[in-house]
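Summary of the model geometry
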Amino acid sequence: MASVGMRGAAPARAGRGLAGSRVGWEGIHERGRPLGLRRPPTLPARSATVKPSLLRRPPPPQSKSGAEAPDYVAETQQGNGAGPEGNGAEVSSTYTPEVKNYSPEFLRRRIIVFAGIIIGYSCYYLTRNSLGFAAPVMVADKSLNMDITKIGALTSIFPIFYGFSKFASGVLGARTPAHILLGSGLIATAAVNICFGFGTSLAWFSVFWAMNGLLQGLGGPCCARVLTNWWASGERGTYWGMWNIAHNVGGFLAPIIVGTVATKFGWRWGLWTPGIIGVIVGCAVLFAVQDNPTAVGYPAVEETVQEPKAEENGKPSNKPSLLDLLVQNVLKNPYIWGMALTYFFIYVIRQGVTSWFVFYLITAKGVGDAGSAAVRVSGMELGGLVGSLIAGRFSDWMILHAKPGQGAVGKRVQVVMMYTVGVAIALFAFWSLPGHLAWLQWVNVFMVGFFLYGPQMLIGLCGAELVGPESVGASEGFLGWVAYLGAANAGIPLSIIVKSFGWSYYFAALIAACGCALLLLAPMMNLKSHVQREDAKLKLKAA
């Protein structure tokens, strides 16, 4: 019945829902539209017809008060993802992520999307770091009456607004197309850079740099939503790690572009140039990037259970509000809190390393000057780039080789734990190395970056895979906000530890942060993804 009534379904509905996916594929094939996958997903061979009940999403489990419980509650009822096998194997998910055989047309379109988010987010970093490399020329301009203290005040304003923005944009942007937010946000932050370049007073600079912080938070959550929609679980880690190099690309280009232009043409052009680049790239992002495959006529890369469009009485169902998405799927999800607190400690370590290693080499290891010390810690970003790529690829490999019923997110958590142990070992080694072995210290810092940036990348990915598509932005925003609280706590608290107790206690504090992260991650070693939990619900309803 369903295959007859829906044979002409629009391409935008293809691949949506486990029961409806085959129907949608047939509709595309008959209308001559290109297929996103060469092999359509098949239905269980239980009968020749599709049961109408399977075309609707099963009702979520009820809490004691009668309210709908979030899907992570269903996980504990159907087979807890935290334990080795779960306590309800008869209804737990047997969904196993796999990399499907995509068509060349789909792959070409996806490459365009991927290039768009990498180049776009790299330009976010360019407009974010512009002030830091134009600041020396601003201080040298006597007409501005700027000094290092006023520059420090400007740089302190940014993270306050950026952390709030990342959280707010992730929540409020859940109903806005990700590519619109990503492109328009880049154009807006580029315009702020241009306006900043026309200023002459500290008040003007403060207002526009605070606005830059508010707009910068649009980038990360939007890219997370695009990555979640265009790449399936078995390949997402690899591409998430590759996207993560946008941080390094933007950080690499900022001193070259901004520093060179500001030195030759003045500090104003040091802000105007990244602004002009951002406007051009932002316009390109609006056309190159799309939220998901279904928006351009391809089936979804993963089948997910969809909400019914109408209730039994014919009235349209109510969409959950943004507040409901935040509270029910994020703030009430204990696993998101576990990831957030882990992120907090990872960012304490990251900021503690980047802020204090140079001082440690000078004061404790006898390195002569800041330039020589900076060379020894220059391998940090390079190690982070390599570590992120390998962490993403390795977590995908673990997921693809997992046994049925094992949690996909749990596999990534296990990789995070391995890397966190590596961070602790690398920190202890750096603490113990003698000061005269400069090359060995460089290698050691490379390994610190290698092991540190892997968890930084994967925790964000885990947070995205734990929630449904509409809550990805909120999840990423919340995680990012807590992470920046961790970064803030690496400043004054660690300085007090160094000043009062010495460098030994500084390293002990960072290694203790690794231990706290491992304790938080331990209960989540078999955590299931949102797709796996939805699959378990569907099987429970069908049974």
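For the structure given in this document, a descriptive report is provided here. These numbers were taken from a predicted model, which means no experiment stands behind them.

A separate point is the nonpolar core. With 118 residues, the main nonpolar core has Ile-117, Phe-196, Trp-243, Met-339, Phe-357 and Tyr-506 as its most contacted residues. For this core, the element with the most residues is helix 14 (residues 334–364), which contributes 13 residues. Not counting residues up to four positions away in its chain, the partners in contact with Tyr-506 are Gly-352, Val-353, Trp-356, Phe-357, Leu-494, Ile-497 and Val-498.

Now for helix 14. Between its terminal C-alpha atoms helix 14 stretches 41 Å, which fits the 45 Å expected from 31 residues at 1.5 Å a residue. Largest kink in helix 14: about 45°, centred on Trp-356. Measuring from the side-chain oxygen of the N-cap residue of helix 14 to the backbone nitrogen of Tyr-335 gives 3.0 Å; that N-cap residue is Asn-333. Immediately downstream of helix 14, the backbone of Gly-366 shows phi near 75°, a positive value.

Next up on the list: the pattern of salt bridges. Under the definition given, this model contains 4 salt bridges. Its salt-bridge partner being Glu-235, residue Arg-110 comes within 3.0 Å of it at the nearest N-O pair. Here Arg-110 is found in helix 4 (residues 104–128), whereas its partner Glu-235 is found in helix 10 (residues 233–243), with 125 residues between them in sequence. A relative accessible area of 7% places Glu-235 in the buried class. With a closest N to O distance of 2.9 Å, Arg-412 and Glu-465 form a salt bridge. Pair noted here: Arg-412 is in helix 17 (residues 408–432) and Glu-465 is in helix 18 (residues 438–466), with a separation of 53 residues, a long-range link. Its relative accessible area of 3% is what places Glu-465 among the buried residues.

To describe a pair of aromatic rings, one takes the distance between the centres and the angle between the planes. The full count for this structure, using the stated rule, is 39 aromatic pairs. Summarising the aromatic geometry, the rings of Phe-106 and Trp-230 are spaced 5.7 Å apart at their centres and angled 25° between planes, so their arrangement reads as stacked. Pair noted here: Phe-106 is in helix 4 and Trp-230 is in helix 9 (residues 219–230), with a separation of 124 residues, a long-range link. The exposure classification of Phe-106 matches that of Trp-230, with both residues buried. Through a chain of ring-to-ring contacts, three or more aromatic side chains come together here, namely Phe-357, Tyr-360, Phe-428, Phe-430, Trp-431, Trp-503, Tyr-506 and Phe-507. One cation-aromatic arrangement involves Arg-110 over Tyr-239; the distance from NZ or CZ to the ring centre is 5.4 Å.

Thresholds, definitions, all that
Residues numbered from 1 in each chain as written. Predicted model: local features only at pLDDT ≥ 70, side-chain atom pairs only at ≥ 80, totals over all residues. Heavy atoms only, no water. Core = buried A, V, L, I, M, F, W, Y, C linked by side-chain atoms within 4.5 Å. Buried < 20%, exposed > 50% of the residue type's maximum accessible area, 1.4 Å probe, protein only. Helix = DSSP H or I, 4+ residues; strand = E, 2+ residues; numbered from the N terminus. Contact = heavy atoms within 4.5 Å. Expected span 1.5 Å × (residues − 1). Bend = angle between axes of the 7 residues up to and from the residue. Polar contact = N/O pair within 3.5 Å; in protein donor to acceptor, adjacent residues only side chain to side chain. Salt bridge = Lys/Arg side-chain N within 4 Å of Asp/Glu carboxyl O. Phe/Tyr/Trp six-rings, centres within 6.5 Å; stacked < 30°, edge-to-face > 60°. Lys NZ or Arg CZ within 6 Å of the ring centre and 35° of its normal.

So yeah, pure geometry; function would need other evidence.
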